[in-house]
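# Descriptive structure summary
What follows is the residue order along each chain.
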Amino acid sequence: CFDCGQIAPTWASVSHGISICFSCSKAHRELFDPLVSDVRSVCRRHEWSEADVAAMEAGGNKRLRAFVAKKGVAMRSTEGKHRKAFYESPALWEYRRRLGEVSGRGEPPELVGRLFHSTHLHQSGAGGSASPSSADLYGGTHDDSDSDDDYNDDDGNND
């Protein structure tokens, strides 16, 4: 589980491309609108769209950890107010937007995009940005020709 570290999580936040456990999935549903964290059961994966599956394949727990580390986002705790602050941080808005583009899930809905855009403007002081490539999802340094060992376990579960 991305949030608590539980082994073999059976839920996912498709918005972030991460695996989470049942307890953390409940917290995501209680704390966030589905526009922020779209929580799904892995057991019902047959009901997911191709873009949802692509988001999980493009994402992964280790990739998100690497992304937030590169952006300098503190992962003090994923409990309560810290969890809310972490997932609503500008870096996570950016990650969701980029993951949506890379996976084919599309840009976040207009309201979410507007929130990200205004936050991004305040952070960077510049307007707009080019559409990212898949390498940009990971901060522009991920080389798909290299081994994905930094991001994926040998079991391929991206946990």
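Shown above is the structure to which this text applies.
These notes cover the structure that comes with them. (Residues numbered from 1 in each chain as written. Predicted model: local features only at pLDDT ≥ 70, side-chain atom pairs only at ≥ 80, totals over all residues. Heavy atoms only, no water.)

Right, let's talk about the sheet that holds strand β1 (residues 11-13) for a bit. Here we have three strands laid out as an open sheet, ordered β2-β1-β3, and antiparallel in their pairing. The strands lining the two open edges of the sheet, one partner per strand, are β2 (18-20) and β3 (39-41). Averaged over all pairs of adjacent strands, the angle between their axes in this sheet comes to 35 degrees, without regard to strand direction. Of the pairings in the sheet, the one linking β1 to β3 comprises three bridges and is antiparallel in character. Bridging from a neighbouring strand, S13 pairs with V39 of β3. (Pairing = 2+ DSSP bridges. Helix = DSSP H or I, 4+ residues; strand = E, 2+ residues; numbered from the N terminus. Axes fitted to C-alpha atoms, helices over the stretch in contact; angles between N-to-C directions.)

Moving on: the nonpolar core. Counting residues in each nonpolar core, the largest one holds 27 residues, and the members touching the most others are F2, I20, L64, Y87 and L92. Secondary-structure elements contributing two or more residues to this core are β1, β2, α2 (50-58), α3 (61-71), α4 (80-87) and α5 (90-103). The element contributing the most residues to this core is α5, with five residues. Leaving out residues up to four positions away in the same chain, L64 has contacts with F2, H16, I18, L92 and Y95. (Core = buried A, V, L, I, M, F, W, Y, C linked by side-chain atoms within 4.5 Å. Buried < 20%, exposed > 50% of the residue type's maximum accessible area, 1.4 Å probe, protein only. Contact = heavy atoms within 4.5 Å.)

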